[in-house]
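# A structural walkthrough
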Amino acid sequence: MATRLQFENNCEVGVFSKLTNKYCLVAIGGSESFYSVFESELAGVIPVVKTSIAGTRIVGRMCAGNKNGLLLPHTTTDQELQHIRNCLPDEVVVQRVEERLSALGNCVACNDHVALTHPDLDRETEELIADVLGVEVFRQTIAGNILVGSYCVFSNRGGLVHPHTSIEDLDELSTLLQVPLVAGTVNRGSEVIAGGMTVNDWTAFCGSDTTATELSVIESVFKLREAQPTAIVDEMRRSLIDTYV
Amino acid sequence: MYNLVQHSQDYIRRSPFHTCFSIHYLPIIKPSSLHRLLRFLSPILLPSPFHKTLTLVSAMALNPSDQASTGMFFPTQTPGTVLCCTCGVVMAPNPANMCVKCLRSRVDITEGLPRQAVVNFCPDCSSYLQPPNKWLRFNLDSQELLHFLVKRLHTRFSRLVTLTHAEFMFTEPHSKRIKIRLRVRREVMNGAILEQPHIVEFVVHDKLCLSCSRLQANPDQWVAAVQLRQHVPHRRTFLFLEQLILRHGAATRAVRIADAPHGLDFFFASRSHAIRFVDFVNSVAPVQYRTDKQLVSHDPKSNVYNYKHTFSVEISPICREDLICLPPKVAHSLGNLGPLVICTKVSNSIVLMDPFTLRVAYLNATQYWSDPFRPLLSSRQLVEYSILDIEPESDIVTVGGSRYQLAYVQVARMSDFSNVFTVKTHLGHLLNVGDNALGYDLFGANPNDMEMDKYKGLVLPDCVLMKKSYEEVRARRSGKQRNFKLKRLDIEVEPTGGRKGEDDKRNDEYQKFIEDLEENPELRFNISLYKNDNYEPSEMGTSMADAEEIPSVPVEELVADLEGLDIGDGQDQE
């Protein structure tokens, strides 16, 4: 189910938050409204961590992670690193990366199985990603843009890419990632997909400028409509109950 | 999929947190999308040097034809489709990622553009006002009018939109409305360029321009007048001047042209026009002039004085074919030119020639007017002679642009064959025995010149021949049309009342002037002769074969008269 929200009147939600299947990182805003939306959606399910990275609020773009691990840039302070390690569950490996390209969120787009990286990423970083996140790493570009982490967003069930991606590229990416992909926009025609939204397997958060069309595209490609709690219960009921007396 | 041609990692360390590196990339990286990214990320990742490299590279991107020649394999890229973010219709991606209809409904680029404007029009001279006070003549539905109207609007919308196309829409000619359709273009959100038609309606207000209102108030009003005078009994000069003025269009600005005794009056609406005309006359005739002004009105508050200016221009009385006895001072100053000279040509200087020595002298206007003299005999007093015998003395020489030959001739007056004179003449190359010539009869004349008395022991020749006579031949040809015609100026003639003889005299002079034109090619030099459509050359063949050809104007010199043509404006322009 997709939710529309704003961070301090800015619709670029994916910049200020990072959502995975196991945890959620949120920037510290002036008011608590941003955090409270995440809380209301994810409260009991996964921990929602308020943090900053390298003293900045653009946590979504600075780090890259999935359910297995979280990679932070070398500019992260020790306090922040400790705080994140404390808040996150123990299965999640938190690692600081010595990498020239310090905005890891822009350079790496990943789900739980596959990652796409900036073509110029160091070899050591690539190995680290494969290690910590437990994914297969591919160096790619999206519609001619090298910042793959900004222009595409994918979860384990689907993905959304830059609208100018050609059909051949879409096919190629789709085979690499093994998920259905669609080219679309977010936040009323913005091409920077990952900046405008953040998603995991059952929920998505988009900027409040997102139109109904875009929202419906997002919900259909990430398969968010089926992930209603009631739908899960109905399935379970059918398998649990044999006959009605 | 990534078409990396060259991958160089030479980066310059500027500070611990800023690195810059250069990438050579194909295909084109869209600067607009990258700029949006840079807004968020620039302090960390991509400082401005990278900016510059990237924009430079995008200019270097190869187009498909060049791509093939480098030998690399580039897979075909078919553009995908995307849903319009507002209405969900399938469309090709564009910078705004909205379909055209949604964009247009959301953004109206013609907002703030003027839809109505006012233009002032003078119904008398059909010209349009360009503020503050310039009136320009245009035809309705012409390209210049379109250009003018668009320029009037231009200042108000140039900062908002760019103009692609403009055309007229149909309006009734007397509806006092002019509609134009413009296509304007503007960049909206994220670099998408939208083009939209926009209609502007001009309301035409009638307003008399300043010159037309002055004309309405008093049609005869003039500010400057030029009074052209020549104190000679004939009007040949003015006929010739009239043709010159027509050819050069010197009197187009004249409000009125009037006849006056011994000359013409030209009236102008401004002093500068009058001065221009006076300068023109100064360049074609030896004149002296003086100017005066008369106060008409005076505005004491703003110290504006309105005058009427008059220019009194006097043309020298020396004309072509005049016989002149030079005053001693002038003769000495010209190098003792024999006191009897003839005037061969008058332009802005007078050309004097001694017919017996073939010496030529030039007098310009200032020289003449510092010591003015009058002619002894003028062309009215020419008498017809018959050539009895001719004996050339020297070869044909070219003097002052014309050919002459000294010869001794025996002549007798046509009216009186009893007296035979032997004289020297300069027309040896033209005359044959039995011809008729026109000349001045000094034998029978009674000169009354004070200058001649100053010469002691001056021997006058009996006769001075001036030109060959074509009278006989002309008489045979009388009534036949000429192959050219002349235009006339629109001169107001004073009602003469009792002087009936004037009209006949004028007609005679005009005929003589036309014959003069036929005989002298150098006179025709500055004049436009128009083809006479009524002329039938076949008639000439039926007349008896003339022993000598009548001088006529060759067809190459004639100009087609364009006044009869009706050149209309292109009516298909809407």
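Above this text sits the structure in question.
Report on the accompanying structure. Worth saying up front: this structure is predicted, and the values here are computed from it rather than measured.

Analysis parameters
- Residues numbered from 1 in each chain as written.
- Chains lettered and ligands numbered in written order.
- Predicted model: local features only at pLDDT ≥ 70, side-chain atom pairs only at ≥ 80, totals over all residues.
- Heavy atoms only, no water.
- Helix = DSSP H or I, 4+ residues; strand = E, 2+ residues; numbered from the N terminus.
- Buried < 20%, exposed > 50% of the residue type's maximum accessible area, 1.4 Å probe, protein only.
- Contact = heavy atoms within 4.5 Å.
- Areas by Shrake-Rupley, 256 points an atom, 1.4 Å probe, with all protein chains shown as cover.
- Arc of directions from axis to C-beta.
- Phe/Tyr/Trp six-rings, centres within 6.5 Å; stacked < 30°, edge-to-face > 60°.
- Lys NZ or Arg CZ within 6 Å of the ring centre and 35° of its normal.
- Pairing = 2+ DSSP bridges.
- Salt bridge = Lys/Arg side-chain N within 4 Å of Asp/Glu carboxyl O.
- Axes fitted to C-alpha atoms, helices over the stretch in contact; angles between N-to-C directions.
- Parallel < 35°, antiparallel > 145°, perpendicular 65-115°, else oblique.
- Left-handed = near helix turned anticlockwise from the far one by under 90°.
- Nonpolar A, V, L, I, M, F, W, Y, C, P; charged D, E, K, R; others polar.
- Patch = residues over 30% accessible without salt bridge, like charges linked within 9 Å, V, L, I, M, F, W, Y side chains within 5 Å.
- Core = buried A, V, L, I, M, F, W, Y, C linked by side-chain atoms within 4.5 Å.

### Here we look at the overall build of chain A
In terms of regular secondary structure, chain A is built from 11 helices and 15 strands. For chain A, the proportion of its 245 residues judged to be buried stands at 59%. Relative to all contacts within chain A whose residues are 6 or more apart in sequence, the contacts with residues 24 or more apart total 59%.

### Considering the overall build of chain B
Regarding its fold elements, chain B presents 14 helices and 29 strands. The proportion of buried residues among the 574 residues of chain B is 41%. Long-range pairs, those at least 24 residues apart, make up 63% of the contacts in chain B between residues at least 6 apart in sequence. When the accessible area of chain B is evaluated, it comes to approximately 32500 Å², of which 51% is carbon and sulfur surface.

### Some details on helix 4 (residues 78-87) of chain A
Residue and element names in this part refer to chain A. For helix 4, the complete set of buried residues consists of Glu 80, Leu 81 and Ile 84. Mapping the buried residues of helix 4 onto a view down its axis gives an arc of 100°, with all of them on the same face. In helix 4, the exposed positions that point more than 90 degrees away from the buried face belong to Asp 78, Gln 79 and Asn 86.

### Things to note about helix 10 (residues 212-221) of chain A
Most of helix 10 of chain A is tucked away: seven of the 10 residues are buried. Turning to helix 10 of chain A, its buried residues are Thr 213, Glu 214, Leu 215, Val 217, Ile 218, Glu 219 and Val 221 of chain A. Elements that come into contact with the buried residues of helix 10 of chain A comprise strand 1 (2-5), strand 12 (159-161), strand 13 (181-183), strand 14 (197-199) and strand 15 (204-207) of chain A together with strand 5 (82-83) of chain B. Positive phi shows up at Lys 223 of chain A, right after helix 10 of chain A, with a value of about 55°.

### Points about the packing of aromatic side chains
Aromatic ring pairs: the centre-centre distance and the angle between the two ring planes describe each pair. The tally for this structure, following the rule as stated, stands at 15 aromatic pairs over all chains. An angle of 35° between the planes, with centres 6.2 Å apart, marks the rings of Tyr 128 of chain B and Phe 138 of chain B as tilted. You can see Tyr 128 of chain B sitting in strand 8 (residues 127-130) and its partner Phe 138 of chain B sitting in the loop between strand 9 (134-137) and helix 5 (143-157), a full 10 residues away along the chain. Judged by relative accessible area, which is 13%, Phe 138 of chain B ranks as buried. Consider the rings of Trp 222 of chain B and Phe 267 of chain B, whose centres lie 5.3 Å apart with planes at 45°: the pair is tilted. Of this pair, Trp 222 of chain B sits in the loop between helix 6 (210-217) and strand 13 (224-229) while Phe 267 of chain B sits in strand 15 (residues 263-268), and the two are 45 residues apart along the sequence. Across the pair, Phe 267 of chain B and Trp 222 of chain B agree in class, each one buried. Positioned above the aromatic ring of Tyr 35 of chain A is the side chain of Lys 50 of chain A, whose terminal nitrogen or guanidinium carbon lies 4.8 Å from the ring centre.

### Details of the environment of Leu 438 of chain B
Residue and element names in this part refer to chain B. Mapped onto the elements, Leu 438 comes out in strand 25 (residues 436-441). Since its relative accessible area comes to 15%, Leu 438 is described here as buried. If we skip the residues at most four places from it in the chain, Leu 438 touches Leu 382, Val 383, Glu 384, Leu 465, Met 466, Lys 467 and Ser 469.

### Thoughts on the pairing of strand 20 (residues 349-354) of chain B
Residues and elements named next belong to chain B. Counted residue by residue, strand 20 has six buried out of six residues, so it is predominantly covered. What you see with strand 20 is no split at all: Ser 349, Val 351 and Met 353 on one side and Ile 350, Leu 352 and Asp 354 on the other are buried throughout. Relative to strand 20, strand 19 (residues 340-346) runs antiparallel, the two sharing four bridges. Bridge pairing links Val 346 to Ile 350 in strand 20. What sits between strand 19 and strand 20 in their antiparallel hairpin is a turn of two residues.

### Notes on the pattern of salt bridges
Residue and element names in this part refer to chain B. Taken as a whole and judged by the stated rule, the model has 27 salt bridges over all chains. Here Lys 467 and Glu 321 are joined by a salt bridge, their closest N and O atoms 3.4 Å apart. Of this pair, Lys 467 sits in strand 26 (residues 463-468) while Glu 321 sits in the loop between strand 17 (304-315) and strand 18 (323-325), and the two are 146 residues apart along the sequence. An identical accessibility class is assigned to Lys 467 and Glu 321; each is buried. Note that Asp 371 is salt-bridged to Lys 329, the shortest N-O span being 3.7 Å. With Asp 371 in the loop between helix 10 (365-370) and strand 22 (382-399) and Lys 329 in helix 9 (residues 328-333), the pair connects residues that are 42 residues apart, well separated along the chain. In the salt-bridge network here, residues are joined through shared partners; they are Arg 236, Arg 320, Glu 321, Lys 467 and Asp 516.

### Concerning the side chain of His 309 of chain B
Residues and elements named next belong to chain B. Among the secondary structure elements, His 309 is positioned in strand 17. Note on His 309: relative accessible area 12%, which makes it buried. Leaving out residues up to four positions away in the same chain, His 309 has contacts with Trp 222, Val 223, Ala 224, Ala 225, Arg 271, Asp 292 and Lys 293.

### Looking at the environment of Gln 6 of chain A
Residue and element names in this part refer to chain A. Mapped onto the elements of the fold, Gln 6 is located in the loop between strand 1 and helix 1 (13-16). On the accessibility criterion, Gln 6 (31% relative accessible area) is partly exposed. For the pair Gln 6 and Phe 205, spaced 199 residues apart in sequence, the C-alpha to C-alpha distance is 9.5 Å. Once residues within four sequence positions are removed from consideration, Gln 6 is found in contact with Cys 11, Phe 34 and Ser 208.

### Some words on the sheet that holds strand 2 (residues 17-19) of chain A
Residues and elements named next belong to chain A. Taken together, the three strands give an open sheet; going across it, the order is 2-3-4, and neighbouring strands pair in mixed fashion. Strands at the two margins of the open sheet, each flanked by one partner only, are strand 2 and strand 4 (48-51). Ignoring which end each strand starts from, the neighbouring axes of this sheet average 20° apart. Pairing between strand 2 and strand 3 (residues 24-27): three bridges, direction antiparallel.

### Considerations on the packing of helix 7 (residues 236-248) of chain B against helix 13 (residues 501-519) of chain B
All names here are of chain B. It is the contact of helix 7 with helix 13, at a shortest axis distance of 10 Å, that shows an interaxial angle of 60°. By the criterion of interaxial angle, the relationship of helix 7 to helix 13 is oblique. In terms of crossing hand, the pair formed by helix 7 and helix 13 is right-handed. The segment helix 7 lies against helix 13, with Arg 236, Leu 239, Phe 240 and Gln 243 engaging Glu 509, Tyr 510, Phe 513 and Asp 516. Classifying every residue of the contact of helix 7 with helix 13 gives four nonpolar, one polar and three charged.

### Focus on a nonpolar patch on the surface
All names here are of chain B. A cluster of nonpolar residues, Leu 388, Met 414, Phe 417 and Val 420, forms a patch on the protein surface that exposes about 330 Å² of accessible area. Structurally, Leu 388 can be placed in strand 22. Classification of Leu 388 by relative accessible area gives partly exposed; the value is 35%.

### Considerations on unusual backbone geometry
Residues and elements named next belong to chain B. Cis rather than trans, the peptide bond between Pro 131 and Pro 132 has omega equal to 5°. Residue placement: Pro 132 occurs in the loop between strand 8 and strand 9. Notably, Asn 303 is not glycine yet its phi reads approximately 55°, a positive angle. Note that Asn 303 resides in the loop between strand 16 (287-299) and strand 17.

### Side note on the nonpolar core
With 35 residues, the main nonpolar core has Leu 149, Ile 180 and Phe 202 of chain B as its most contacted residues. Top contributing element to this core by residue count: helix 5 of chain B, with seven residues.

### Digging into the packing of helix 7 of chain B against helix 8 (residues 271-284) of chain B
Packed helices, taken two at a time, are described by their axes: the angle between them and the distance between them. Residues and elements named next belong to chain B. Packing of helix 7 against helix 8 leaves a shortest axis separation of 12 Å and a crossing angle of 120°. Judged on the interaxial angle alone, helix 8 and helix 7 are oblique. Considering the relative orientation of helix 7 and helix 8, their crossing is right-handed. Packed against helix 7, whose contacting residues are Leu 241, Leu 244, Ile 245 and His 248, the element helix 8 presents Phe 277, Phe 280 and Val 284 at the interface. Its residues assigned to classes, the contact of helix 7 with helix 8 shows six nonpolar, one polar and no charged.

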